[in-house]
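Observations on chain architecture
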Amino acid sequence: APASELPVIRVQDVGRISVVKSFTTLCADFLYILHGRDLQTLPPVTNLANLTIVADRFDALEVVRSYVGRKKILRTIDGKTTAKADGALSEEKVRQRLLVAIMLDHPPWMERYSARLIVKGWVGREADLSSPLWWDLPSRIEEELAYRRECVLETVQSLQSYFLGVYASRERQCKLGYDSSAQCDSYQLGEMVRFFVRCGTLKLQGGVIDINEPTEPFAGDATFLLDTLRQVPEYQIDRHHSHCGIRTRLLPLLDLVAECLLHIGICTACWTDAREQYEWMDARKPLLWKRQDFALRTQGHGNKHADLRAMFTATERDWGS
Ligand SMILES: [Zn+2]
Ligand SMILES: [Zn+2]
């Protein structure tokens, strides 16, 4: 029949997509897939994300998922993206990829881009309901990411608190054996405080009356934070007291946290099939985590997840070895 005679359906709501140049094209792509025909070109990720949102709205996600899987579209996109371009993706592009990964079930993107958001700090804001869905990731991923980010920052901060605590305690930290001295510990504590304050990771404030604004969480890249702490000088009160400060002790711990950050992305399989045992946000926190008992087990899929979660979510951490 001629187009004028076809029934007309008015669609009120196509889901939370972004502003698109031509909705007709998006709709055409969707109908092509729905009717088992191939798309003319490889869709850019933004289009693919929008397409996914529309498909979900019309309860046709399964068709798009199997099309994208069969055509290896996401792998083709990876193949066309250099490592440099991937590293330079904006927050919005990263979020679009993560949305596609969640909706179309693509574990490699889920792991890679969820880790990116956590580490870069692109989480934890209130999204408004008119913004595209990738600003408010579904399936509780948005909340989980924000929580994991919080845990990462807390873990890094606990390193600082740990060393302030031990050097402020009466337990001698100076490494000089018989000649060890309290002055050396006091000196190290003083230099450490000055260093942390200079880095912006420590604020000194009065305890008589609280006149300070609450601290905003660090908003930058967590790896920069680790690199900043890595700059701590090897302070020495005199030529005999080498290695009495925190540098020698802190660096391996920063390496450990950095290594754990590599595994912080969300695992699709566990998120889907065993969320209760896997998620961080509603998990029971261990009261005390000890560095000396910790080795990230790489054998056994669940073990690695559990070790990582224990370290990052613990209420208290003992970094002593
Ligand atoms: Zn010393
Ligand atoms: Zn897993």
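**Some points on the side chain of Asp-29**
One can find Asp-29 in helix 1 (residues 23–34). One buried charge, Asp-29, has no salt-bridge partner; the nearest side chain with opposite charge is Arg-37, at 10 Å. With near-sequence residues (within four places) excluded, Asp-29 lies in contact with Leu-39 and Leu-51.

**Structural notes on the coordination of the zinc ion (ligand 2)**
Distances from the zinc ion (ligand 2) to its protein donors, Cys-267 (SG), Cys-270 (SG), His-301 (NE2) and His-305 (NE2), fall within 1.9 to 2.3 Å. Classification of the site at the zinc ion (ligand 2) as tetrahedral follows from its 4 donor atoms and the range of 102 to 112 degrees in their angles at the metal. Residue Cys-267 is classed as buried on the basis of its relative accessible area, which comes to 12%. Overall, the relative accessible area of 15% leaves His-305 in the buried class.

**Some thoughts on the coordination of the zinc ion (ligand 1)**
For the zinc ion (ligand 1), every protein donor is listed as Cys-174 (SG), Cys-184 (SG), His-241 (ND1) and Cys-244 (SG), and the spread of their distances is 2.0 to 2.3 Å. All donors of the zinc ion (ligand 1) belong to a single chain; written as a sequence motif, their spacing is C-x9-C-x56-H-x2-C. Taken together, the residues Cys-174 in the loop between helix 8 (141–168) and helix 9 (182–199) and Cys-184 in helix 9 connect sequence positions 10 residues apart. Owing to a relative accessible area of 8%, Cys-174 belongs among the buried residues under this scheme.

**Some details on the packing of helix 2 (residues 45–57) against helix 3 (residues 61–70)**
Contact geometry for helix 2 and helix 3: axes closest at 8 Å, N-to-C directions at 145 degrees. In contact with Leu-48, Thr-52, Ala-55 and Asp-56 of helix 2, helix 3 contributes Leu-61, Val-64 and Val-68.

**Brief notes about helix 4 (residues 73–80)**
Looking only at helix 4, the buried set comprises Ile-73, Leu-74 and Ile-77. Projected down its long axis, helix 4 shows its buried positions confined to an angular sector of 100 degrees, all on one face. Set apart from the buried face of helix 4 by more than 90 degrees, the exposed residues are Arg-75 and Gly-79.

**Considering the environment of Gly-320**
As for its position among the elements, Gly-320 is in the segment after strand 2 (316–318). For Gly-320, a relative accessible area of 14% gives the class buried. For Gly-320 and Leu-129, which are 191 residues apart along the polypeptide, the C-alpha to C-alpha distance reads 46 Å. In this view, Gly-320 contacts Tyr-162, Arg-291 and Gln-292; residues no more than four positions away in its chain are not counted.

**Observations regarding the domain arrangement of the chain**
Domain annotation for the chain reports domain 1 (3–135) and domain 2 (141–205 + 215–318). Relative placement of domain 1 and domain 2: their C-alpha centres are 37 Å apart. If you look at the interface, domain 1 gives 18 residues, while domain 2 gives 18 residues. For domain 1, the biggest contributors to the area lost against domain 2 are Met-110, Ile-118 and Val-119; these three give 42% of the whole. Across the pair Glu-142 and Arg-95 runs a salt bridge whose closest N-O atoms are separated by 2.9 Å. On inspection of domain 1 and its partner domain 2, the count reaches 5 residue pairs in polar contact (both at pLDDT 80 or more). Counting residues per element, the ones that place at least two in the side of domain 1 that touches domain 2 are helix 6 (91–104) and helix 7 (107–120).

**A closer look at the environment of Asp-293**
The residue Asp-293 is located in the loop between strand 1 (288–290) and helix 14 (301–313) in this model. As for Asp-293 and Ser-321, which are separated by 28 residues in sequence, their C-alpha atoms are 8.8 Å apart.

**As for the pattern of salt bridges**
Considering all chains together, one arrives at 16 salt bridges under this definition. With a closest N to O distance of 3.6 Å, Asp-13 and Arg-57 form a salt bridge. Pair noted here: Asp-13 is in the segment before helix 1 and Arg-57 is in helix 2, with a separation of 44 residues, a long-range link. The residue Arg-297 makes a salt bridge to Asp-307 at a minimum N-O spacing of 2.8 Å. In this pair, Arg-297 is assigned in the loop between strand 1 and helix 14 and Asp-307 in helix 14, connecting sequence segments 10 residues apart. One salt-bridge network, in which partners are shared between bridges, spans Asp-78, Asp-86, Arg-112 and Arg-116.

Definitions and cut-offs
- Residues numbered from 1 in each chain as written.
- Chains lettered and ligands numbered in written order.
- Predicted model: local features only at pLDDT ≥ 70, side-chain atom pairs only at ≥ 80, totals over all residues.
- Heavy atoms only, no water.
- Helix = DSSP H or I, 4+ residues; strand = E, 2+ residues; numbered from the N terminus.
- Buried < 20%, exposed > 50% of the residue type's maximum accessible area, 1.4 Å probe, protein only.
- Lys, Arg positive; Asp, Glu negative; His and termini not counted.
- Salt bridge = Lys/Arg side-chain N within 4 Å of Asp/Glu carboxyl O.
- Contact = heavy atoms within 4.5 Å.
- Donors = N, O, S within 2.8 Å, 3.2 Å for Na, K, Ca; no water.
- Tetrahedral: all angles 85-135°; square planar, octahedral: opposite > 155°, others 65-115°.
- Axes fitted to C-alpha atoms, helices over the stretch in contact; angles between N-to-C directions.
- Arc of directions from axis to C-beta.
- Domains from an automatic or database assignment.
- Buried area = accessible area lost by both parts, 1.4 Å probe.
- Polar contact = N/O pair within 3.5 Å; in protein donor to acceptor, adjacent residues only side chain to side chain.

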